[in-house]
Amino acid sequence: MDRKVEIQKEFEKLKQIFSELEQKELDFISGLLEETAYQKVTLCEMREIMSETGMLLIHPKDNTKQKALPIANEYRRTANIYALNIKQLYSLLHKLDNEQENAFDQWLKESDSNV
C-alpha cells in the first residue's frame, strides 16, 4: 500500500480515538497525531527492512566483531520518539476520561457518602 495512504489510515485511527474532543482541541493536537501516524508507518517499514538485514553486521570470520547497522540506531531513535508521542497522547486521553465521569464513578461516590 502507498506510504501516504498508510499514514492517513493511522492518522484517522488516532483521530477516532480522540473524537470526543472539541474541534479546537482536536485541531491543537492534530500535528502530534499526524507525527505519531508517520512514526508508526516508518517503524513498520524499518522492521521490514531489518527482518531481511538484521540489526548487526557480523564479521564473517570472527563472530565477536559486530557492528550495529545504521538502520538499527535509527529504528531505536524513531521508536523512542514514537513512545514519547504515545505517552503524551495517552496522558491526554486519560485526562479526558477522568473529566468525563461515568455512571459507575458516580455510583461509587454516592455509595461512599451513604455509608
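Please refer to the structure placed before this passage.
Residues numbered from 1 in each chain as written. Predicted model: local features only at pLDDT ≥ 70, side-chain atom pairs only at ≥ 80, totals over all residues. Heavy atoms only, no water.

Colleague: Before we move on, could you go through the overall build of the protein and cite the residues and values that matter?
Modeller: When you go through the protein residue by residue, the secondary structure sums to four helices and two strands. Secondary structure of the protein in N-to-C order comes out as α-α-β-β-α-α. By residue count, 23% of the 115 residues in the protein fall in the buried class. Long-range contacts, defined here as pairs at least 24 residues apart, represent 56% of the contacts in the protein between residues at least 6 apart. Put simply, the protein shows about 8800 Å² of open surface, and 55% of that area lies on carbon and sulfur atoms. (Helix = DSSP H or I, 4+ residues; strand = E, 2+ residues; numbered from the N terminus. Buried < 20%, exposed > 50% of the residue type's maximum accessible area, 1.4 Å probe, protein only. Contact = heavy atoms within 4.5 Å. Areas by Shrake-Rupley, 256 points an atom, 1.4 Å probe, with all protein chains shown as cover.)

Colleague: Give me the pattern of salt bridges: which residues, what numbers.
Modeller: Applying the stated rule across the entire model yields four salt bridges. Between Glu10 and Lys13 there is a salt bridge, and its shortest N-O distance comes to 3.3 Å. In this pair, Glu10 and Lys13 are both assigned in helix α1 (residues 3–17), three residues apart and thus about one turn of the helix distant. Looking at Lys13, the relative accessible area reads 43%, which means it is partly exposed. Through salt bridges with shared partners, a single ionic network connects Glu10, Lys13 and Lys40. (Salt bridge = Lys/Arg side-chain N within 4 Å of Asp/Glu carboxyl O.)

Colleague: Pulling in residues and values, what's your account of α1?
Modeller: For α1, with 15 residues, the first-to-last C-alpha span of 22 Å sits near the 21 Å given by 1.5 Å per residue. Residues of α1 that are buried: Ile7, Glu10, Phe11 and Leu14. Summarising the axial view, the buried residues of α1 lie within an arc of 100°, below the 170-degree limit, and thus occupy one face. Buried-residue contacts for α1 involve α2 (23–53). (Expected span 1.5 Å × (residues − 1). Arc of directions from axis to C-beta.)

Colleague: Can you lay out the nonpolar core for me, pointing to particular residues and giving the numbers?
Modeller: One finds Ile7, Phe11, Leu14, Phe18, Leu21, Leu26, Ile29, Leu33, Ala37, Val41 and Leu89 forming the largest nonpolar core, which totals eleven residues. Secondary structure elements with two or more residues in this core: α1 and α2. By residue number, the principal contributor to this core is α2, which donates five residues. If we skip the residues at most four places from it in the chain, Leu33 touches Phe11, Leu14, Lys15, Phe18, Leu26 and Leu89. One finds Met46, Met50, Leu69 and Tyr75 within the second-largest nonpolar core, a separate group that totals six residues. (Core = buried A, V, L, I, M, F, W, Y, C linked by side-chain atoms within 4.5 Å.)

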